[in-house]
Every structure is written in C-alpha cells, then in structure tokens.
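Examining the three-dimensional arrangement
The chain contents come next:
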2 protein chains.
Amino acid sequence: MRIGSSIVFNKPRSIWSFASIAGQKEGQGPMKQYFDEIENDPSFGQKNWEKAESTLQSRTLQLAIEKGNLQPFDIDCIVAGDLINQCTGSSFAVRDTKIPFLGVYGACSTMAESLLVAGLLVDGGYSNKSAAVTSSHFSTAERQFRFPLSYGGQRTPTAQWTCTASGAVVLAAEGGAPFVVGGCIGKIVDLGVTDATNMGAAMSPAAADTIMRYLQDTQTQPEDYDAIVTGDLGNIGSELLIDLLLKQGIDISNNHYDCGSMMFDDEKQDTHAGGSGCGCSASILCGYYLPKLQKNQYQKILFAATGALLSAMSSQQGESIPGICHLAELRSQEGIAC
Amino acid sequence: MRIGSSIVFNKPRSIWSFASIAGQKEGQGPMKQYFDEIENDPSFGQKNWEKAESTLQSRTLQLAIEKGNLQPFDIDCIVAGDLINQCTGSSFAVRDTKIPFLGVYGACSTMAESLLVAGLLVDGGYSNKSAAVTSSHFSTAERQFRFPLSYGGQRTPTAQWTCTASGAVVLAAEGGAPFVVGGCIGKIVDLGVTDATNMGAAMSPAAADTIMRYLQDTQTQPEDYDAIVTGDLGNIGSELLIDLLLKQGIDISNNHYDCGSMMFDDEKQDTHAGGSGCGCSASILCGYYLPKLQKNQYQKILFAATGALLSAMSSQQGESIPGICHLAELRSQEGIAC
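Residues numbered from 1 in each chain as written. Chains lettered and ligands numbered in written order. Predicted model: local features only at pLDDT ≥ 70, side-chain atom pairs only at ≥ 80, totals over all residues.

To continue, consider the domain arrangement of chain A. All names here are of chain A. In terms of domains, chain A is made up of domain 1 (2–172) and domain 2 (179–331). The gap between the C-alpha centroids of domain 1 and domain 2 is 17 Å. Contact residues are listed per partner, giving 59 residues for domain 1 and 60 residues for domain 2. Here the element with the most residues in the side of domain 1 that touches domain 2 is strand 2 (residues 6–23); it accounts for twelve residues. Taken together, the residues that form the side of domain 1 that touches domain 2 break down as 30 nonpolar, 22 polar and seven charged. (Domains from an automatic or database assignment. Contact = placed C-beta atoms within 7 Å. Helix = DSSP H or I, 4+ residues; strand = E, 2+ residues; numbered from the N terminus. Nonpolar A, V, L, I, M, F, W, Y, C, P; charged D, E, K, R; others polar.)

Written out as structure tokens, the structure is:
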C-alpha cells in the first residue's frame, strides 16, 4: 500500500536472519562486541582489495543464510550493492551462489534501498525469502574515490572514514522478529555542496526530507520511535540534520543516532568526522539494532540510510553532490500499534 | 505471484507511455525511423560527455512523461541506471525531478531490471505510476571502460559499439496497451570468458539460463512469442545463444532478434559485432517493439536484456566476466491467453 509518498507493507515481514562482519579497525571501536565476526586480515585472504571486499560480502551473506538454518537455494533473490565502480563488489560476491540477483546502487544508502527492494519482492508475494546485502572496504574506496593508499594523503577534519564492513539480512514472508513494516524511497536533494570531503553536509538535507515525509505520511512523531538511526552522516552531518528538522518544528535530538558516529572512537582512532561506506550502517543495523529489536529492547526504529551520489569524476568536473536517503521502519513485534 | 523462479504480475500492467532518443550514428542506422528523436550533437549542449549522457537520459524521461500527458509529480518513483561509475548518469539525470529514485545496476541488462523493479512497485500496489529509464553514451563508455577517444585505439572484430541512446517507460497500475505481465530475475552465469572485447560470448550463457527458466516456469515454447528479443549480445553472442539453447532442445532461431545486431549496419557503419550499452536495448524497446505491441502488430514478446558485470579494474585484475540477463514479458492485450 502507498500512503503519501511512503510504502506500507501488507503485513509486517520477518527479518528471518541477519549477520555482520567488520574489519580490524571497526573491531577495535565502540561497536566491537556487537559484530558476528571481526576479520583482522584486511585482504580477507585475497590478492587485491576488490576481491577482499567481494569475499567480505560473500561471507556475510553466507553467515546470514547459515544463522537462519537455510541453504542458498532457499533464497529467491539477492538484492545487493556496494561502492566499487560497476558494483563489482557485489557481482563477484554473489557470482557463485546461483541465486537470482538484482544489483542496486544508492552509495551509502544502499542497505536501506536493498531492504526496501527485497521487501517489495517478499511483501508483493513474488518471493518467499530474499536477501539484502551491502559492503564497503576502506582500501577499495580510498583508491577509487580519493588517493592511492601509499600516497599517504592528509584527511580533512570533515572527512569520514570508509568502513571495512558488511551486513546481510534475509527477509521472509512469514517468520519471527524483528519485522520490516514499510518505508520511504528517497528523493535526490542537492543544495550545492561541492566538498567531497564533507559528505555529511551534502547528505543531511536528503535525510531531513525523507524523515519528514515518512513522519508526515504515517502521522507519527519522533518520540514514537526508540531510535531514528541515520547512516552515515557522521558528526557534522548529524548536527546539520537535527538543525534542519528543528527548523521544521521536528525535534529528533533525543533519539537520533548515526551509524557513522557510532562506529569509531573518532578521537582515539583518528577517524575525524566518523565512519561511512555502505557497510557501516549495514553492519551496525545487523550487529546492534536488529538484535535489540529481536530481544524486544527496542520496539520501533527508523533506519534511514543516506548516500552521496557522486563519483570521483563528477567532483573533478565541478559538480555538486546529490544526496539521497532511503528509510525502512523496523519493529520488534508484528502487532504493535502504529 | 511466483512460479518457479519467475514472476507473474497480479494483472497485466500498462505501459502508459514510452520514449526513445538516439545519437547521430544510431540515427543513421537501420532503426533511424523508429526513434522519437535523433540528436546530432553528441555533447547534447553540455561541456563534458558525462553531463551529455545525463541530459540525454533526462530528456528521454521528460519526453515519456510528456507523451503520456503527465506531469513529473504523477510519477511516484523513477527506477534508473546506466554504465558510468557510481551510476552518476542517472543520479544527475533525475536530480532536479523531485521524484523518489531507486538506482539500479545491471550493466546492459538495466532496462529489463528497471522495468521489473518498477513493475514490483506498481503491481504490488506501492505505486500508481513509476518510470524505468536507462541510457548509455559512446564517449562516456569508451573513456571509462576502454581508451581515451583521442587515443584512436583499434577495435577487435568481436567488439561491440556502445550506443548513444536512451529509453524511458512509464508503467501504470491501470491503462492501455502495451502491457508487462511479469518476468524473470537473472542469475549470474560466468563460464570464464576473460576477453572484455567479446562481451557477447560472456553474456550468452546467462541469456540462455534466463530464457530457459522462463519458458519452463510458464510452460511456453519459443513459438508462443512473436519475438524473443535479447539486448545486447551482438552478432557473435546471438549465434552462441541460439546454439546453447539448441543443445537444450529449444529452437529460438526463427524468432530471435538482438537489439545489438539491429542497431547498426555493421559493415557500412564499421561497428564490428553490433551495438551495446544499456541505452541500446532500451531505445529499441521503446522505439521499435513497444509501438508494434501497441498497434497489435505483435501480440507477445520476451524482452531479455543482458549485462556484463565487469569493470575496467576487474578485467585488469584478470577476472572473468560475470554475465546476467533479466527478462520481462510484454503483450499487446490484457486478456490474451498464456
């Protein structure tokens, strides 16, 4: 069903199983106890960074399938994406699975996008179980978007650190907690920010737009949710988001959390404005928030993943940064009131 | 509904309107009379190729909206993709529309993927009207995947020519002909082809897999369709596809057509093995096949768009080329028997 510009599923759909794997640096931060696995080898046993990221994503998907006591053939479709050119991180990750595959691209918003598309498949009755997966890797992102690692470039104070991490979810037509109940597809908002080392600023207007539309469409208030989770605005983008919404009379300051700000101890770990990469919000969703919903410690959260739809070339050509934010609402119980 | 690994919509969904725009070389080929517009300026009035492609895609989308007597706000969601790194061709094309946006990536299979995802939105009741759009541009693809244009690299006999073209479709819950009735999400098939100048060979096994699954799931035969249209296997991949299916006892040789082979007069236009690029099959779908269905000259066709999920870097790293093929079934009438 459609309400305004938001999507409400015919019934809450089960997050049957989920998994998260993080890299060494992420495994030394404040979230370390929550990930299923921490891999200290940044190359994941492979001979280049791109194969490393595909291995990370493939292992995370396999782990989610295993944790759900499933076999690959139980999954009707994998919806996956990543940040690497032509989304090869995902193509090579799922290549050997023999499972139908939809590639999606939403930059760091990809986990919410893939959750929504998997939700359309399951809620619409086209699939019994579908998976949503994303990953990012510090070293694939650095050399693609910024500088070769060996160059040792200085990072600006507003820069975020691309996480080596992945999250995978198996969505099912029937099953136990937690549940996805619907969400909101993002619009591109571009207020003209051209600084590719300040992506939080570029993405926060899109986050404000999507959160506002969803609250309006569902006639809910920020306090109806245990947490409004963005990812990854980082420290600067998070402040901007709170300000932007306050100007519209919406106060999320009491229950807003950002995966980019949660991932690292920015001072000790020298990560500046926080974490980023589509594996950041995916791994914190699957490592931290979904277990809390499963244990009924949280009842309702909004997962609003944000993406900066730039490329190295669009920045070099002087283009501003289009931001987007896709949102999924997650709950601990099927029958909970709106 | 799901049958086997295929999708059957709850009811045939209307292709409310559609549009195609092609570049100069494409506008000199055998398909020239079918496109809505031919643009002889390869830069589309912009100062670089990437902006040119975004302008092409944006104009094609606008034209589809106009031809449907619609306004942008009538469209609930745009599902779009292209071949440029981080799919910026699409992000910048839809940036100013203020319409919710799902970015997808399936290389040259993207038009079928975006049609299917838009179909999930409309058929599932989450959207009244959604658009599916893709584009490609010879000059953005050459410099990204192959060589700078000014290098003047020699092309191999098996190489295909990336088309400067775009196609856009508006899908609606209710409306007139033609109709989408369902389809099949592709699996990655990779038989180990590593020659990035012979993508037809790399993609044909994926096309065979998807077409075979769909025929099996729907219990239909090749002769039940007026045309089984692939895009873009080119001349070499097309022959391989026919051979691969013949080995499985399926003969599509009488009604198989490939958009890559249709686009150019390969001998006169020096395009070697045919056209490619996700704008190739999109523009031929919207320029040639949809009008034929609308006029009831064709009753049923399969649109099976194929993609090579490689990047310049994956080839440089010695990886083989994962192929994929997504399929949509299109009809001239709502009530036609399966």
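Let's shift gears to the nonpolar core. In terms of nonpolar packing, the biggest core is built from 234 residues, with Ala131 of chain A together with Ala131 of chain B touching the most fellow members. With near-sequence residues (within four places) excluded, Ala131 of chain A lies in contact with Leu61, Ala64, Ile75, Ile78, Val79, Ala118, Ala168, Val169 and Val170 of chain A. (Core = buried A, V, L, I, M, F, W, Y, C linked by C-beta atoms within 7 Å. Buried ≥ 20, exposed ≤ 12 C-beta atoms within 10 Å, placed from the backbone.)

All names here are of chain A. Cis geometry is found at the peptide bond from Gly231 to Asp232, where omega equals 10°. With respect to the secondary-structure elements, Asp232 resides in the loop between strand 10 (227–231) and helix 6 (234–246). Although it is not a glycine, Phe44 sits at a positive phi angle of roughly 45°. By the secondary structure assignment, Phe44 is in the loop between strand 3 (37–39) and helix 1 (49–67). What makes Phe44 buried here is the crowd of 20 C-beta atoms within 10 Å.

As a further point, take the relation of the copies chain B and chain A. Of the transformation superimposing chain B on chain A, the axial component is 0.0 Å and the angular component is 180°, with the fit at an RMSD of 0.0 Å. Such a combination of turn and shift is consistent with a two-fold rotation axis. When C-alpha positions in chain B are compared against the rotation axis, the closest is assigned to Val104 of chain B, at 2.0 Å. Of all interface residues in chain B, 100% are interface residues in chain A too; the two copies therefore contact each other through one and the same surface. (Least-squares fit on C-alpha atoms with pLDDT ≥ 70 in both.)

As a further point, take the pairing of strand 10 of chain A. Residues and elements named next belong to chain A. Taken across its five residues, strand 10 has four buried, putting it largely inside the fold. Here strand 10 pairs with strand 11 (residues 256–258) via three bridges, running parallel. Note on strand 11: the bridge partner recorded for Ile228 is His256. Where the polypeptide runs from strand 10 across helix 6 and back to strand 11, its parallel neighbour, the crossover connection is right-handed. (Pairing = 2+ DSSP bridges. Right-handed = clockwise from strand over helix to strand, strands pointing away.)

Residue and element names in this part refer to chain B. Within the fold, Ile252 resides in the loop between helix 6 (234–247) and strand 11 (256–258). Separated by 180 residues in sequence, Ile252 and Pro72 have C-alpha atoms that sit 40 Å apart. In this structure, Ile252 is in contact with Pro222, Ile228, Ile242 and Leu245, ignoring residues within four places of it in sequence.

This part covers the confidence of the model for chain A. Taken over all residues, the pLDDT of chain A has a mean of 96, while the share at 70 or more is 99%. The complex prediction reports pTM at 0.98, with the ipTM value standing at 0.98. (pLDDT = per-residue confidence, 0-100.)

With that settled, consider the packing of helix 5 (residues 199–218) of chain B against helix 6 of chain B. All names here are of chain B. Two numbers describe how helix 5 lies on helix 6: the axes approach to 8 Å, and their chain directions differ by 40°. Taken together, the axes of helix 5 and helix 6 are oblique relative to one another. Regarding helix 5 and helix 6, the two cross each other, and that crossing is right-handed. Note on element contacts: helix 6 touches helix 5 through Gly234, Ile236, Gly237, Leu240, Leu241, Leu244 and Leu245, opposite Gly200, Ala201, Met203, Ser204, Pro205, Ala207, Ala208, Ile211 and Met212. Residue classes in the contact of helix 5 with helix 6 are distributed as twelve nonpolar, four polar and no charged. (Axes fitted to C-alpha atoms, helices over the stretch in contact; angles between N-to-C directions. Parallel < 35°, antiparallel > 145°, perpendicular 65-115°, else oblique. Left-handed = near helix turned anticlockwise from the far one by under 90°.)

The next point concerns the pairing of strand 8 (residues 165–172) of chain A. Residues and elements named next belong to chain A. Along strand 8, eight of the eight residues are buried, which leaves the element largely enclosed by surrounding structure. Side-chain alternation along strand 8 places Ala165, Gly167, Val169 and Leu171 on one buried face and Ser166, Ala168, Val170 and Ala172 on a second face that is also buried. Two elements, strand 2 and strand 8, share eight bridges in a ladder whose sense is antiparallel. Each residue of the ladder has a partner; that of Ala19, found in strand 8, is Ala168. Alignment of strand 6 (residues 129–136) against strand 8, held across eight bridges, turns out to be antiparallel.

Residue and element names in this part refer to chain B. According to the C-beta neighbour criterion, Asp232 is buried, with 37 such atoms within 10 Å. Each C-alpha atom of the pair Asp232 and Thr134 lies 14 Å from the other, and the pair is 98 residues apart in sequence. With sequence-adjacent residues up to four places away left out, Asp232 is seen in contact with Cys108, Gln160, Asp258, Cys259, Gly260, Gly274, Gly275, Ser276, Cys280, Ser281 and Thr306.

Time to look at the environment of Ser139 of chain B. Residues and elements named next belong to chain B. Position of Ser139 among the secondary structure elements: in helix 4 (residues 138–145). Given 19 C-beta atoms within 10 Å, Ser139 falls into the partly exposed group. Along the primary structure Ser139 and Leu149 are separated by ten residues, whereas in three dimensions their C-alpha atoms are 7.1 Å apart. The residues touching Ser139, leaving out its near neighbours within four places in the chain, are Pro42, Trp49 and Leu149.

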